[in-house]
Amino acid sequence: MKRSLLVGTLSVAVSGLLIAGAGTPASASKGPRAVSPKASKTQALQDAIAEVAASPAAVRAGSHDTFLSHDVTVDKDGTRHVHLDRRYQGLPVLGGDVIVHSAPNGELRSTSLTLKAPLTLSVTPKVSKQRAVAAAVATFKGKKKSTRAQLVVDATSATPALAWQVVVDGTAPDGSPSHFHTLVDAKTGKAGKAWNTFHTTVVPGRTAPKTTAPRTAGLAGVTASGTGHGYQVGDVTLGTNSITGGYELKDPTRGNGETRDAQNKTATNDSPPAGWGVSFTDADNVWGNGALTDRATVAVDAHYGIQATWDYYKNVHGRNGIKNDGVGARSFVHYGVNYDNAGWDDDSFSMIYGDGAVGQKPFTELDVAGHEMSHGVTAATAGLNYFGDAGGMNESTSDIFGTLVEFNANSPADKPDYLIGEKISSTPLRYMDDPKKDGASQSCWTTGTKNLDPHYSSGVGNHWFYLMAVGSGSSSYGNSPTCDGGTVTGLGNATAGKIWYRALTTYLTAASTYADARTATIKAATDLYGASSTQCTTVEKAWSGVAVAPTGTTCGGTTQPPTGTNLLANPGFESGATTWTASSGVITNETGATPHGGSYYAWLDGYGSTHTDTVSQSVTIPSTATAPKLSFWLAIDTKETGSTAYDTLKAQVVSGSTTTTLATYSNVTPSGYVQRTLDLSAFKGKTVTIKFTGAEDSSQATSFLIDDTSVTTG
């Protein structure tokens, strides 16, 4: 359950409040706030709630929005990242979640979200719940056991709409548990998006190829108290629990993660309840015999998977369990009869493993275990939807971390590779070097990627990770082409894994797209290694290598200007006031506000008193220019309220004695950094001065931040 702490209803007018993306001046000197001690998660949450209440525009909130805590991260330097789920008039908003990024002292820096504007819609349905349930049940192909429905706001589409979210609990045609969600339009009764929150390793119903004989297993070398002879993982040591008369497969050192015998049954309510199944117990703490003649053999595989996954997240990322709360997950082996799949159920915080169809192997391979539990990590952090691009990233996240669990364990019985489930059948379930080799997955992003089953749209994320870790071209792990014909030099698993984990836990939200993932990983690489680092530029190359185009966020903080060479010198102010003429203190690297990229930027006004700042540079626009443009990134941070433009910034062109104002911005439209592009066609063949003039009245402060400018010829 999510914590139910609510932000009070936001009833303050949106237009005049602090917006994310720029620092807030503390005084007329525009100095930074004092640095506070590292906050607890509780304090970070409270401060984020206060920032949201004071700055609803930063999270696209209206007067009917409230927020619930989803996840809180506090970096080592005290920077906070608070993930909040949105409610609109009390209804859950799909795609409405937001991450509030704040400085160590609690000051709002920026936000991550996919909602484009405040919600304004009626929450009165025209379609009854009964009719909606009937429409959803008609689309369900398995065996229904129960249904549940609630009204939600679907903000994952271009136009948010009221919908019934109907969940059909039951059993899928292949025997998988199923929590089948369908959105039914609350006005028309038409069934729309559908997805399953029981996550399987392969598409339910897929038929795997025949397998060969099992490989010989070796020692994995993980310190624990028991000895296991597994089918997939070989001879391993296991964390077990001492009980009267012997031991049980429960690991007290890893949150009491437990492995149980499903006895070839299926859960009555499709989510294994507490106490379901039978404990594996043993008198001498030696488990399995390496063959399927002992039911404990595959339990060894699953139990080792719990501890290997726990150890990876703990030792590499400092994460204390799947939910970062110190609680271990449960595994159920021998699920169903000839069940040919494995899956994760976040509702019951458990995994199930089938024994495989006739002639197949059990699904208890190590990367499958890491894959399934990583669905729980995704649910506890970004909460990625299981449809659209987000669904593909949900699956690729599990493939990525399942692979990294396998590499971290480095078991001779399961030599690490970039293949998914390669020991289950003679053909791997998925290939990370070139995902299309499975005949269904995509190696390159397209506009149709979002329409695929998440197991297949995951190929884009898997391919990106492979390029990041291994690189393009041929290697001992495979042969990875790029979609743009470029070359990518891999950085290794450790770096690639840290970047993706940072993006997942800090910047991605439920409805993120692959384009958003490009932005998120650039931010993550910048946080970890710096904006000008090789790691960051490799992120960009790898995304281009899977056909995900550049966004407004790039390494170094700059964005490609409109077509043509930049005619401005020192366009990002990184050389200080060189080539620019500016008022005192305008071109700065002060930490009281945030540059779009690099360290320097232009900070106009922000004093809270009558004041005018300017910054300008002369430039010659060729007469041969086809479509000359002025482009710049602008953030507006204000303490003004209301809809009156008290403080203004003018983008101007001075030609001779004539000053032309191309655009005017004000406190009425606060924003984080947004790229503005203005037409300079009227000034072809002239030498002009590009000038920004910020004018502030005698009342509340407004800061205009400008960075990464360009004048191009088109």
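Residues numbered from 1 in each chain as written. Predicted model: local features only at pLDDT ≥ 70, side-chain atom pairs only at ≥ 80, totals over all residues. Heavy atoms only, no water.

**Quick look at the overall build of the chain**
- Looking only at helices and strands, the chain has nine helices and 36 strands in total.
- Taking 27 Å as the expected radius of gyration for a compact globule of 714 residues, we find that the chain reaches 28 Å, a close match to that expectation.
- Referenced to the eigenvectors of the C-alpha coordinate spread, the extents of the chain come out at roughly 95 × 55 × 50 Å.
- Buried residues in the chain amount to 57% of all 714 residues.
- Across the chain, contacts joining residues at least 24 apart in sequence account for 68% of those joining residues at least 6 apart. (Helix = DSSP H or I, 4+ residues; strand = E, 2+ residues; numbered from the N terminus. Rg over C-alpha atoms; globule rule 2.2 N^0.38 Å. Buried < 20%, exposed > 50% of the residue type's maximum accessible area, 1.4 Å probe, protein only. Contact = heavy atoms within 4.5 Å.)

**A short note on the sheet that holds strand β27 (residues 581–582)**
- Strands sit in the order β27-β30-β35-β32-β33 across an open sheet of five strands; the sheet is antiparallel. Pairing within the sheet leaves two strands with one partner each, and these edge strands are β27 and β33 (658–666).
- Both β27 and strand β30 (residues 611–620) contribute to a ladder of two bridges, which runs antiparallel. Across the sheet, the residue bridging to Ala582 is Val615, located in β30. (Pairing = 2+ DSSP bridges.)

**Some points on the packing of aromatic side chains**
- For the structure on display, the rule yields 22 aromatic pairs.
- Relative to Tyr313, the ring of Tyr312 lies with its centre 5.2 Å away and its plane at 70°, an arrangement referred to as edge-to-face. Neither Tyr312 nor Tyr313 differs from the other in exposure class; each is buried. (Phe/Tyr/Trp six-rings, centres within 6.5 Å; stacked < 30°, edge-to-face > 60°.)

**A few points about the environment of Phe140**
- Residue placement: Phe140 occurs in the loop between α2 (129–137) and β6 (143–154).
- Residues Phe140 and Thr446, 306 residues apart in the sequence, show an inter-C-alpha distance of 28 Å.
- With residues near it in sequence (within four places) discarded, Phe140 still touches Val168, Gly170, Thr171, Ser178 and Phe180.

**Some thoughts on the side chain of Ser666**
- Looking at where Ser666 falls in the secondary structure, it is placed in strand β33.
- In contact with Ser666, not counting residues within four places along its chain, are Ile636, Ala645, Asp647, Thr648 and Phe704.

**Topic: the sheet that holds strand β18 (residues 281–282)**
- Read from one edge of the open sheet, three strands run β13-β14-β18, paired in antiparallel fashion. Strands with a single pairing partner mark the edges of an open sheet, and in this sheet they are β13 (241–243) and β18.
- The pairing of strand β14 (residues 246–248) with β18 spans two bridges and is antiparallel. Bridging across to β18, Tyr247 finds its partner in Asp282.

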